[in-house]
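Each chain is listed here by its residues.
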Amino acid sequence: MYPQQIIDALRHVNYPGTGKNLVESGMLEDDIRISGMEVSFSLIFDKENDPFQKSVMKASEVAIQTYVDGNVAAHIHAKYRKENVKQATDAPQPLQAKHVIAVHSGKGGVGKSTVAANLAIALAKKGLRVGLLDADIHGPSMPKMFHTEDCRPISAEVNGRDLIEPIEQYGVKMLSIGFFVDPASAVVWRGGMASNAIKQLIQDAHWGELDYFLIDLPPGTSDIHLTLVQTLRLTGAIVVTTPQPVALVDARKGVDMFRNEKINVPVLGLIENMAWFTPAELPNNRYYIFGKEGGKQLAEELNIPLLGQIPLVQSIREAGDEGTPIAMQEGHPAAAIFGEIADKLI
């Protein structure tokens, strides 16, 4: 191991305030020390209460473990260009949201993030104050779906404390782990590290007063789900599935997780995505590619509301990929479906 390997690894870590990597930002101190498979160095922050410090130091540790061969132990120290006196206001910021809703899926690929993005916009269009947290650590997609890939959160001083300012787009305040990592690099984080990063995006951010705070959870069940339950008082959860039997098996597990006595979060309803395929040239035809009404039947079996059935329509996928979710398009049938789901949720 030699210093240039450490420098190259840290080029994969961006400082959110500038969008540049740590080396380009001049944040790496010239004090790299290597002893066997241990390395120590310092990162220079502008001030002691920099809101990005924790996440940047975690990401730096992960980058070294990922891009330097061998089992490397990294000891990272923080230095500051300007010293601050830490104040009592450094306590975690309480989330001021009337309703906190987790959007969950038992498996990936069922359209959970598409549902979360469009539901957030549908609620905002009704005049509600909406926040959206992209908590899918390993597959953050909200920056692309909200056309904010080039945006970088900045810090704002609130009541004497520096907080992360969410990005606002389409009437929704949004933060994503995607703003803090290199989009071309895999996020290889242990459970505890990922959970701490999510807690920081909740507690060290200036969300303001919200009517609805939606959380796009990672698929499956993990430490992150337990952390969120312990950090926030969830109003309830929405489970997204396709009608396919394989997806329904995992959706059932997701419902069971929230109903577990240790978690005890109400399941507000189930959304069946890709319920049928309707070609644009045959708008009245329905083709049940993934099975017919599997989500509806599961909702009835588990005695939870069916909030809606969303068809597999090409324009929904295209709108998400272009960064203008379909809920933005007045008069589109799919936008009307998300509006109806928002009404049922309210």
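The structure reproduced in this document is the subject of the present report. (Residues numbered from 1 in each chain as written. Predicted model: local features only at pLDDT ≥ 70, side-chain atom pairs only at ≥ 80, totals over all residues. Heavy atoms only, no water.)

**Some remarks on the packing of helix H3 (residues 112–124) against helix H10 (residues 333–345)**
Here is step 1: Where H3 meets H10, the closest approach of the two axes is 9 Å, and the angle between their N-to-C directions is 75°. On the basis of the axis angle, H3 is roughly perpendicular to H10. Along its contact with H3, which presents Val115, Asn118, Leu119, Ala122 and Leu123, the element H10 presents Phe338, Gly339, Ile341, Ala342 and Leu345.
Here is step 2: Tallied by class, residues from the contact of H3 with H10 come to 8 nonpolar, 2 polar and no charged. (Axes fitted to C-alpha atoms, helices over the stretch in contact; angles between N-to-C directions. Helix = DSSP H or I, 4+ residues; strand = E, 2+ residues; numbered from the N terminus. Parallel < 35°, antiparallel > 145°, perpendicular 65-115°, else oblique. Contact = heavy atoms within 4.5 Å. Nonpolar A, V, L, I, M, F, W, Y, C, P; charged D, E, K, R; others polar.)

**Considering the pairing of strand E10 (residues 209–216)**
Here is step 1: In terms of burial, E10 is largely enclosed, as 7 of its 8 residues are buried.
Here is step 2: With 7 bridges joining them, strand E4 (residues 96–104) and E10 adopt parallel strand pairing. Bridge pairing in E10 links Val100 to Phe213. (Buried < 20%, exposed > 50% of the residue type's maximum accessible area, 1.4 Å probe, protein only. Pairing = 2+ DSSP bridges.)

**Considerations on the packing of aromatic side chains**
Here is step 1: Scanning the entire structure with this criterion turns up 5 aromatic pairs.
Here is step 2: Pairing Trp207 with Phe213 gives two aromatic rings, centres 4.9 Å apart and planes at 75°, and the pair type is edge-to-face.
Here is step 3: Against the face of Trp276 rests Arg286, its NZ or CZ located 3.7 Å from the ring centre. (Phe/Tyr/Trp six-rings, centres within 6.5 Å; stacked < 30°, edge-to-face > 60°. Lys NZ or Arg CZ within 6 Å of the ring centre and 35° of its normal.)

By themselves these figures say nothing about function.
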